[in-house]
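Structural description and commentary
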Amino acid sequence: MHIIISRHGESNYNLENRIGGDPSLSARGHEYGKRLAKYCKDNDVPEHLISSQLVRARQTVFYSSKIFSTYEICPELNEINAGVVEHLTYEEFKNRYPDEHKRRMNDKLNFRYLEGESYVDLIERTRPIVEEIVKTEKDTFIVCHRAVARALLFHLMKIDKKQVPHQEIPLHTILDLTGKPGEMNLTYHEI
Ligand code: G3H
């Protein structure tokens with residue numbers, strides 16, 4: 001199978017190191033959306049596109065969605081819900097909720113944001129999406145977010161669960177996965 005995962009382009013919150021929310025793309029983020037469209041035209045990419053419902057993801061696929069045979073928006077691909085720390089910078093999170101921040105640093109996999117989700121929750125939220133892709137054997141292009149991409153990699157590759165929150169998911173880079181789901185091979189392509 002062939003699955004490509006991309007984070008949305010750079011958002012205005014990325015520029016400020018802010019968590020969550022539903023921000024728009026920065027100018028650089030829009031440029032990534034355009035480069036991604038060109039990449040999809042020039043390369044052999046899956047025909048089925050699914051995107052998170054959040055603005056930064058939908059703006060990223062705006063330039064390329066017509067290239068795909070099918071396009072679906074899946075709220076299950078929305079970023080981890082950071083509860084009370086949504087919209088804060090990581091610095092503000094550390095200063096306002098020092099104990100919570102320490103707990104997260106000590107166990108990022110199991111830590112659940114107050115009124116939000118944990119990486120373990122995210123692994124469960126994304127499981128049906130991967131099951132559907134595997135069941136229908138549909139090569140798929142997925143546009144989502146950093147924490148969600150990590151959860152998806154857990155389902156698609158052999159990754160130690162504890163390492164899930166620490167997987168490298170750079171901006172403006174596609175994660176190209178080939179092989180059998182559960183043991184796929186990953187190649188990064190900066191675009
Ligand atoms: O806004 C959420 C981030 O993309 C997740 O990253 O779990 O490394 O803080 P983090």
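Bringing the overall build of the protein chain into the picture now. The secondary structure content of the protein chain amounts to seven helices and six strands. Counting from the amino terminus, the protein chain carries its helices and strands in the arrangement β-α-α-β-α-β-α-α-α-β-α-β-β. The globule rule puts the C-alpha radius of gyration for 191 residues at 16 Å, and the 16 Å found for the protein chain is close to it. If one aligns the C-alpha atoms of the protein chain with their principal axes, the spans along those axes are about 50 × 35 × 25 Å. Within the protein chain, residue pairs in contact and separated by at least 24 positions form 65% of the contacts whose partners lie at least 6 positions apart. In the protein chain, 27 positive and 29 negative side-chain charges are present, and the distance between their average locations comes to 3 Å.

Attention now goes to the nonpolar core. Counting 37 residues, the largest nonpolar core has Ile5, Leu77 and Ile142 as the members making the most contacts within it. Those elements that place two or more of their residues in this core are strand 1 (2-7), helix 6 (119-136), strand 4 (140-144), helix 7 (146-156) and strand 5 (173-178). Counting residues per element, this core draws most heavily on helix 7, which supplies eight residues. For Ile5, the residues in contact, after removing those within four places along its chain, are Ile142, Cys144, Ala149, Leu152, Leu153, Leu156, Thr173, Ile174, Leu175 and Leu177. Residues Leu36, Tyr39, Val61 and Ile174 belong to the second largest nonpolar core, which totals 14 residues.

Summarising burial for helix 7: ten of the eleven residues are buried, a large majority. Listing the buried residues of helix 7 in full gives Ala147, Val148, Ala149, Arg150, Ala151, Leu152, Leu153, Phe154, His155 and Leu156. Elements in contact with the buried residues of helix 7: strand 1, helix 6, strand 4, strand 5 and strand 6 (185-190).

It is worth spelling out the site of the ligand at this point. Within the structure, the ligand sits among Ile19, Gly20, Glu79, Tyr90, Arg104, Lys108, Tyr119, Arg146, Ala147 and Arg150. In the environment of the ligand, an oxygen atom lies 2.8 Å from a nitrogen or oxygen atom belonging to the side chain of Glu79. Tyr119 is positioned with one of its side-chain polar atoms (N or O) 2.6 Å from an oxygen atom of the ligand. Here the ligand loses 90% of its free accessible area of 310 Å² to cover by the protein chains. Looking at the shell around the ligand element by element, the count peaks at three residues for helix 7.

Whether parallel or antiparallel, the strands of a sheet pair through hydrogen bonds between backbone atoms. Across the sheet, six strands lie side by side as 3-2-4-1-5-6; this open sheet has mixed pairing. For this open sheet the edge positions go to strand 3 (70-73) and strand 6, each flanked by a neighbour on one side alone. Each adjacent strand pair in this sheet contributes to an overall mean axis angle of 20 degrees, direction not counted. Examined bridge by bridge, strand 1 and strand 4 share five bridges and lie parallel to one another. Counted as the bridge partner of Arg7 is Cys144 from strand 4.

Another aspect to go through is the pattern of salt bridges. By the definition in use, this model includes eleven salt bridges. Among the ionic pairs, Asp121 bridges to Arg112, the shortest N-O distance being 2.7 Å. A relative accessible area of 47% means that Arg112 is categorised as partly exposed. Look at the salt bridges and you will find they share partners, linking Glu16, Arg18 and Glu92 into a network.

In this section: helix 5 (residues 98-106). Among all positions in helix 5, only Glu100, His101 and Arg104 are buried. An end-on view of helix 5 places all buried positions within 100 degrees of arc, on one side of the element. In helix 5, the exposed positions angled more than 90 degrees off the buried face are occupied by Asp99, Lys102, Met105 and Asn106. Looking at the buried residues of helix 5, the elements they touch are helix 4 (90-96) and helix 6.

Calculation notes
Residues numbered from 1 in each chain as written. Predicted model: local features only at pLDDT ≥ 70, side-chain atom pairs only at ≥ 80, totals over all residues. Heavy atoms only, no water. Helix = DSSP H or I, 4+ residues; strand = E, 2+ residues; numbered from the N terminus. Rg over C-alpha atoms; globule rule 2.2 N^0.38 Å. Contact = heavy atoms within 4.5 Å. Lys, Arg positive; Asp, Glu negative; His and termini not counted. Charge placed at Lys NZ, Arg CZ, Asp CG, Glu CD. Core = buried A, V, L, I, M, F, W, Y, C linked by side-chain atoms within 4.5 Å. Buried < 20%, exposed > 50% of the residue type's maximum accessible area, 1.4 Å probe, protein only. Near = heavy atom within 4 Å. Polar contact = N/O pair within 3.5 Å; in protein donor to acceptor, adjacent residues only side chain to side chain. Areas by Shrake-Rupley, 256 points an atom, 1.4 Å probe, with all protein chains shown as cover. Pairing = 2+ DSSP bridges. Axes fitted to C-alpha atoms, helices over the stretch in contact; angles between N-to-C directions. Salt bridge = Lys/Arg side-chain N within 4 Å of Asp/Glu carboxyl O. Arc of directions from axis to C-beta.

By themselves, these observations are geometric and do not establish any function.
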